[in-house]
Every structure is written in C-alpha cells, then in structure tokens.
Amino acid sequence: MATINQNYLKLPGSYLFSEVARRAAAYAQANPEKRLIKLGIGDATRPLPSVVLKAMHDAVDEMGHLDTFKGYGPEQGYDFLRNAISEHDYHARGVSIAPDEIFVSDGAKSDCGNIGDIFGLNNVVAVCDPVYPVYVDTNAMAGRAGDYSEELGKWSKLYYMPCVAENGFTPAIPNCKVDIIYLCFPNNPTGAVITREQLKPWVDYANENGAVILYDSAYEAFIVDDDIPHTIYEIEGAKTCAIEFRSYSKTAGFTGTRCAYTVVPKELERDGGNLNFLWNRRQCTKFNGVPYIVQKGAAAIYSEQGQKEIKEVIAYYQQNAKVIRSGLTEAGLSVFGGVNSPYVWCKTPGGMDSWSFFDQLLHEANVVTTPGSGFGPSGQGYLRMTAFGDADATKEAVERVKKILQ
Ligand code: PLP
C-alpha cells in the first residue's frame, strides 16, 4: 500500500483565507441584499500597467511566428529579466547582486515554500508570531515543525518570535541557537517595518551562528521612509547569510499573472554546500521556468514609463492605507502599520477576540477583514485590513466601521 506524508495530517483544519471566504460567502448568501466590501485578502485590484500589457501582447505575437517562437526557456529566467533586476533593484541601490544570483519564478509563495527543499529536516526554524502562514505550513509539511497543539495554536518544534505592540511588532533576536530565520519586512500581517540599524544585528547573529535568514521583501515597493532597507543586501554581511524573496504581485499587480524572483548569493555556504548551486539544482529539476510572455511583461516595469505607472498604482493603494489608518484611529482603535505597507493592523476594541470582531464587522458593517489570530497566537486581539481595494469602496468601508463603533 502506498503510504502518505503523515505530516499533512497534522495540519490544522483549513487555510486561514478559506475560512474567511467561507464566512463571508455564508453571510452573503443569507443576506443577498447587503453589499459586502472586502478588505480581507491582500490581492491587487488595479489593472496591469499599460506598458506591461503592450510587452505581453508583443510577446504573444512573437510566440506565433516561426522565427521568434520560444520553447522551454532557461529555468532560472531569461537574461533580459535577470539583468534588469540586477541593475534596477540592486545596483541602483548600491548593492551588487549578479544576474546568476537571481532566480525568476512563478511566485514568492512557491519560493518561500520550496526553499525548504535545500535544507535538512533537523534545522531549528524561527518564525515571527503573527506570521504569513506559508512559512509555518510548509515547514510542517516537510516534517520540520513537530506536532501541532490546537490549544496553544503552535507547533512543538518551531521557535516563535512574538511580534506585539510592546516590541513595535519587530521580533527580539533569539536568545538561543536557531538555524533558519524567516523575516518579512514590510510585514504581512502587521505592516511593521525594520530599519537598517535594527536589521544589522540579525545579519550578525546569522553569520555568527551559521544560520540562514529567509528575507521576504514582497512589499518592498511600499517603503517610503529613508531608513528602511529595500533589500537585506543593503546590510553588510547579508550575502553570507541571507536569501531574499521578491515578487511582482503587489509591486505591479501580478497576483494573477504570476512572476517573482529569489536571490541566492554565491557567497552563501552552509554545511559543506553552496546554496546558490543547490537552489539552481533544485529549480532545474523541479521547475521549467516562467512563461516568456510573463517575463516580458515583468521586464517592462523597469522602463521609464513602467516605473511611472507602477508608482501611480502603489500611490493609489498607499492612499487607501492612509484612509483606513485615519478612519480607524478616529473610530478610537489602536492602529499600526499602513505607512510603509499596504496592511493596517489594529487592536480589537474592548479586548474582543479576533474572530468575534471579524464577525461583528462582517455582520454589522458588511466589511470583510482578516482576524489576527489566524496568523498566530500573538495575533489574537488584532485584525488586519488591506489597502488593495477600490478607493471609493475603501472609504465607504471605513465609514461603515466608524459608524458601528461610535
Ligand atoms: N510573501 C508574503 C509575505 C505575502 O504576503 C505574499 C502574498 O500575499 C506572498 C509572499 C506571495 O507572493 P506571490 O504572489 O508572489 O506568490
């Protein structure tokens, strides 16, 4: 008889966003006259920039001609895109990342999950709490997380780093030895950021302890403050301890188009292996690259017009974040994030638990949010709202929330 990966059976019930969607759908079905406004899942709503469309249309035409047709592309991504990333996302910031340290992929979600393939099963993994659930679940699937306790909402072998109002939602450096550290800044879900000064001790810790930092920079485009690093490689020493994930999903509206990339520096060695070599080996074996058409679209955002267009879209979402932040603050809630980030994180009123406040907002304001407790035990008593919605709908949602809380 075929056996299964028993680790899958240990996973708790449902993925957070499925439960959010289930409750919203049940409410909508029972109350068809109500108009729900969704500020729950962090999904782009603005259309793709026109330069991206044009580049993709042209690429489609190329695929239809004998002379320009493309079959399998390089697993790591086409040179035109890797060169553009190296130049614009790194060299332009004074950071040297070579094109062959960049691996183009179909998403930061897949990369964050798949990166575990190149690490042993006995590593101690540190995660923020609350956290983007993919880091935790993929380690659990691999068997690195131990057993799940429903009561604690935690896995026995993971090292949890609480991120709460008291520490400004930035975790404390572990006081013991951990091997793999997931950091995500600007953070999903709290919207917190880390300064260069705060990030440096993490790089030092990782180099001193032989740990690897998995740095998720999916929301880098939302950074406005000068002291916040756009890439971990702005920090001295990061190339010998960090892997970075980036995505076009929130930068350029690629959530449905799918393109991202991961940087694995060639200097990064652990346990007798070169991580750039291992990741390349993994990708060549299990991945056949991102469609040429999509990579052409992604490369177009690095043009002058592309930069202008994506900045307009980011500004649109940033304005939504401002509206949510100020509206919730006026409603008397303690509000965090939403400045260098598309996520606003707020404390529930009167010590309410996250799901109760979620339900109240769903039923009374008809606004869909995400309960903080779904991101980890330290998220209990918080709620996340996203700035990725339509501007008018966002304003209306905030007015509705204000009204019911007054
Ligand atoms: N990393 C974080 C922190 C995210 O919040 C998300 C999406 O919500 C992703 C990665 C996934 O990005 P992608 O769409 O590139 O898979």
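Residues numbered from 1 in each chain as written. Predicted model: local features only at pLDDT ≥ 70, side-chain atom pairs only at ≥ 80, totals over all residues. Heavy atoms only, no water.

To continue, consider the sheet that holds strand 3 (residues 125–129). Sheet strands pair via backbone hydrogen bonds, and the direction of the pair is either parallel or antiparallel. Here 7 strands make up an open sheet; going across it, the order is 2-10-9-8-7-3-6 and the pairing mixed. Either end of the sheet is taken by a strand with one partner, and the two such strands are strand 2 (102–105) and strand 6 (159–162). The average angle at which neighbouring strand axes cross in this sheet is 20 degrees, direction not considered. For strand 9 (residues 242–247) and strand 10 (residues 260–263), the ladder comprises 4 bridges, and the chain directions are antiparallel. Each bridged residue has a counterpart across the sheet, and for arginine 246 the counterpart in strand 10 is tyrosine 261. (Pairing = 2+ DSSP bridges. Helix = DSSP H or I, 4+ residues; strand = E, 2+ residues; numbered from the N terminus. Axes fitted to C-alpha atoms, helices over the stretch in contact; angles between N-to-C directions.)

Before going further, it helps to examine the packing of helix 11 (residues 354–365) against helix 12 (residues 391–405). At their nearest, the axes of helix 11 and helix 12 sit 10 Å apart, and the two run at 105 degrees to each other. As far as their axial angle goes, helix 12 and helix 11 are roughly perpendicular. Counted together, Phe357, Gln360, Leu361, Glu364 and Ala365 of helix 11 and Arg400, Val401, Ile404 and Leu405 of helix 12 form the full contact between these two elements. Classifying every residue of the contact of helix 11 with helix 12 by side-chain character gives 6 nonpolar, 1 polar and 2 charged. (Parallel < 35°, antiparallel > 145°, perpendicular 65-115°, else oblique. Contact = heavy atoms within 4.5 Å. Nonpolar A, V, L, I, M, F, W, Y, C, P; charged D, E, K, R; others polar.)

Around the ligand lies a shell of 14 residues, among which Asn188, Asp216, Tyr219, Ser247 and Ser249 are the nearest. Between the ligand and alanine 108 there is a distance of 2.8 Å, counted from an oxygen atom to a backbone nitrogen or oxygen. With the chains in place, 91% of the 390 Å² that the ligand exposes on its own is no longer accessible. If you list the elements that add at least two residues to the shell around the ligand, you get helix 4 (108–114) and helix 7 (249–252). Split into classes, the residues belonging to the shell around the ligand amount to 6 nonpolar, 4 polar and 4 charged. (Near = heavy atom within 4 Å. Polar contact = N/O pair within 3.5 Å; in protein donor to acceptor, adjacent residues only side chain to side chain. Areas by Shrake-Rupley, 256 points an atom, 1.4 Å probe, with all protein chains shown as cover.)

Glancing now at the sheet that holds strand 16 (residues 370–371). Overall, antiparallel pairing links the 4 strands, which are arranged 13-14-17-16 in an open sheet. What marks the edges here is a single partner per strand, and that holds for strand 13 (335–337) and strand 16. Examined bridge by bridge, strand 14 (residues 343–347) and strand 17 (residues 382–386) share 5 bridges and lie antiparallel to one another. Within strand 17, the residue paired with tyrosine 343 across the bridge is threonine 386.

Right, let's talk about helix 12 for a bit. Given a rise of 1.5 Å per residue, 15 residues ought to cover 21 Å, and the 21 Å separating the end C-alpha atoms of helix 12 matches this to within 8%. For helix 12, the full list of buried residues reads Ala391, Ala393, Thr394, Ala397, Val398, Arg400, Val401 and Lys402. Of the surrounding elements, those touching the buried residues of helix 12 are strand 1 (37–38), helix 10 (304–330), helix 11, strand 15 (367–368) and strand 17. N-cap assignment for helix 12: the residue whose side-chain oxygen lies 3.1 Å from the backbone N of aspartate 392 is aspartate 390. (Expected span 1.5 Å × (residues − 1). Buried < 20%, exposed > 50% of the residue type's maximum accessible area, 1.4 Å probe, protein only.)

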